[in-house]
Amino acid sequence: MPLVAGVDSSTQSCKVLVVDADTGAVVRRGRALHPDGTEVHPDHWWDALQEAIAEAGGLTDVAAVSVGGQQHGMVALDGENDVVRPALLWNDTRSAGAAKDLTAELGGAKTWAERVGLVPVASFTVTKLRWLARHEPEAAARVAQVCLPHDWLTWRLAGRPRVLTTDRSEASGTGYWSAVTAKYLPDILAGALGHDADVPRVAAPDEVVGSGADGSWVLGPGCGDNAGAALGLGAGPGDVVVSLGTSGVVTAVSEVAATDASGAVAGFADATGRFLPLVATLNAAQVLDVTARLLGVDHAGLSDLALGAPPGAGGVVLVPYLQGERTPDRPDATGSLLGLTLSGTTPENLARAAVEGLWCGLADGLDALRAQGAVVRRVLLVGGAAAAPAVREIGARVLGVPVDVPPAEEYVALGAARQAAWVLCPGGDPPAWSARSEGWTRCEPNGDGSAIRARYAEARELTLDRVQP
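Residues numbered from 1 in each chain as written. Predicted model: local features only at pLDDT ≥ 70, side-chain atom pairs only at ≥ 80, totals over all residues. Heavy atoms only, no water.

**Concerning the pattern of salt bridges**
Taken as a whole and assessed by the stated rule, the structure comprises 28 salt bridges. In this structure, Asp 465 and Arg 330 form a salt bridge, with 2.9 Å as the shortest nitrogen-oxygen distance. Placement of the pair is Asp 465 in the segment after α15 (450–460) and Arg 330 in the loop between β20 (317–319) and β21 (336–338), with a sequence separation of 135 residues. According to the relative accessible area criterion, Asp 465 is partly exposed, its value standing at 45%. The exposure class of Arg 330 is partly exposed, given its relative accessible area of 22%. (Salt bridge = Lys/Arg side-chain N within 4 Å of Asp/Glu carboxyl O. Helix = DSSP H or I, 4+ residues; strand = E, 2+ residues; numbered from the N terminus. Buried < 20%, exposed > 50% of the residue type's maximum accessible area, 1.4 Å probe, protein only.)

Have a look at this one:
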């Protein structure tokens, strides 16, 4: 029974799973926290990784290791591969102005979509390089190489080799690598930073890129967190992963690359050689949090109330733009509660309107993925909100496709572990882990959700923007 280890170095913490390479069964696990903030020195990630590895019982008995990590973060290195400044994380928004400038400089959103597969937003690495060049020019001048969080941890685990490596899923989120051509775009990187810089070599998905200090285990190339989650879930073409956290993420495993000039769909690559087009919404689980608080119930109570209301919530519609919205791009929009009547304004209808509104926004994202060539046969639903029966059942109705809910697990770390098992036997597809099919819940579509979505679309057009002070 060979063992492999998968790492998830996320924004908030580092998780390590030690897994049976044959079955995918988790044998041991460890966890350590990261510091708060939108910029972090990478040394903190390394310290947390060591702590999580120790809690997971060490790596002395594993055959391979792979690292999944938060995407987009800018790790700037000098000519000796020393860190120039703390890394700017994906959720650092100070480069929003740089994103607009870069979009215009390259010729607009259509050009970006065709050349890169995405349109710049503050999350992407390329915008952070431009911010660095403008606001910290001395630091920018020292930058000789740019990598991402998981690249840096893989490099440290490999003993600090001269050349860093990455994988296509991570490279596709930088803004200067094209998922369509599988090539870096050095003119875009240099245009953002102000000069040329080295970038990690993009390794094949099943390639060994290094080994531990004693040579007892090998390293896989790793992957970005969304690609790792898809790999851990066993998602394939026709599958869409919906993650309900503070924000909502809708991503599809697709055979074709996305080039969406609207910017709604980011044309990422996955960790197997396919593509992973992604749509993000700003309002997801917190919509349920706010509604439950308003109604004076917990999440279980909110679910019960929602299931006690008829489909369509008695005509009540919630457009949940509680903090603006990214998809559609309406950063100043406010939420709206419409269709209230004397008979229809009940706790049950308000609860159901919240769940239906959340899913209608995600369904718009699903439509955007279809428009980019993604095939949608089922949804794999993850995140804390996935535990609520109302979220599952109403989701299947609104989307019109089956919703499968896997048991709770650290799927990014599990996906990294699956990649680690793959590099032990390269070629073909990643290992099939049948054990991961146990404990799943399926909700089939029950009724026609098109009427709910049509009513929501009408309400969406009536939402107002925030009044600026």
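Moving on, there is more to tell.
**Details of helix α13 (residues 389–399)**
Owing to its 3.6 residues per turn, the α-helix aligns residues three or four sequence positions apart on the same side. The element α13 is extensively covered by neighbouring structure, given that 9 of its 11 residues are classed as buried. Every buried residue of α13 is listed here: Ala 390, Val 391, Arg 392, Ile 394, Gly 395, Ala 396, Arg 397, Val 398 and Leu 399. Immediately beyond the C-terminal end of α13, within one or two residues, lies Gly 400, with a positive phi of roughly 75°.

**Section: unusual backbone geometry**
A cis geometry characterises the amide bond from Thr 327 onward to Pro 328, with omega recorded as 5°. Positionally, Pro 328 belongs in the loop between β20 and β21. Residue Asn 81 is not a glycine yet carries a positive backbone phi of 65°. When you line up the elements, Asn 81 lands in the loop between β6 (75–77) and β7 (87–88). Taking relative accessible area as the criterion, Asn 81 reaches 5% and is therefore assigned buried. The backbone of Arg 160 sits at a positive phi, close to 60°, despite the residue not being glycine. Within the secondary structure layout, Arg 160 lies in the loop between α6 (149–157) and β9 (165–166).

**Quick notes on the packing of helix α1 (residues 42–55) against α6**
Interhelical geometry of α1 versus α6 gives an angle of 60° and a closest axis separation of 10 Å. Here α1 lies oblique to α6, going by the angle between them. Viewed along their axes, α1 and α6 form a crossing whose handedness is right-handed. Here Pro 42, Asp 43, Trp 45, Trp 46 and Leu 49 of α1 lie close against α6, whose contacting residues are Pro 149, Trp 152, Leu 153, Arg 156 and Leu 157. A class-by-class count of the residues in the contact of α1 with α6 yields 8 nonpolar, no polar and 2 charged. (Axes fitted to C-alpha atoms, helices over the stretch in contact; angles between N-to-C directions. Parallel < 35°, antiparallel > 145°, perpendicular 65-115°, else oblique. Left-handed = near helix turned anticlockwise from the far one by under 90°. Contact = heavy atoms within 4.5 Å. Nonpolar A, V, L, I, M, F, W, Y, C, P; charged D, E, K, R; others polar.)

**Describing the packing of aromatic side chains**
Inspection of every chain in the model, using the stated rule, returns 4 aromatic pairs. Between Tyr 176 and Tyr 184, the ring centres sit 6.4 Å apart and the planes meet at 25°, which makes this aromatic pair stacked. Given the relative accessible area of 2%, Tyr 176 is considered buried. Put simply, the rings of Trp 45, Trp 152 and Trp 155 touch in pairs and so form one group of aromatic residues. Sitting over the ring of Trp 131, Arg 94 keeps its end group 4.8 Å from the ring centre. Seen from the ring of Trp 46, Arg 156 lies directly overhead, with NZ or CZ sitting 4.3 Å from the centre. (Phe/Tyr/Trp six-rings, centres within 6.5 Å; stacked < 30°, edge-to-face > 60°. Lys NZ or Arg CZ within 6 Å of the ring centre and 35° of its normal.)

**A short note on the pairing of strand β16 (residues 238–244)**
Summarising burial for β16: 6 of the 7 residues are buried, a large majority. The pairing of β16 with strand β22 (residues 376–382) spans 6 bridges and is parallel. The residue bridging Val 241 from the neighbouring strand is Leu 380, located in β22. Bridge analysis of β16 against strand β17 (residues 248–252) gives 5 bridges, and the strand direction is antiparallel. Each bridged residue has a counterpart across the sheet, and for Val 240 the counterpart in β17 is Ala 252. (Pairing = 2+ DSSP bridges.)

All quantities given are derived from atomic positions and should not be read as evidence of function.
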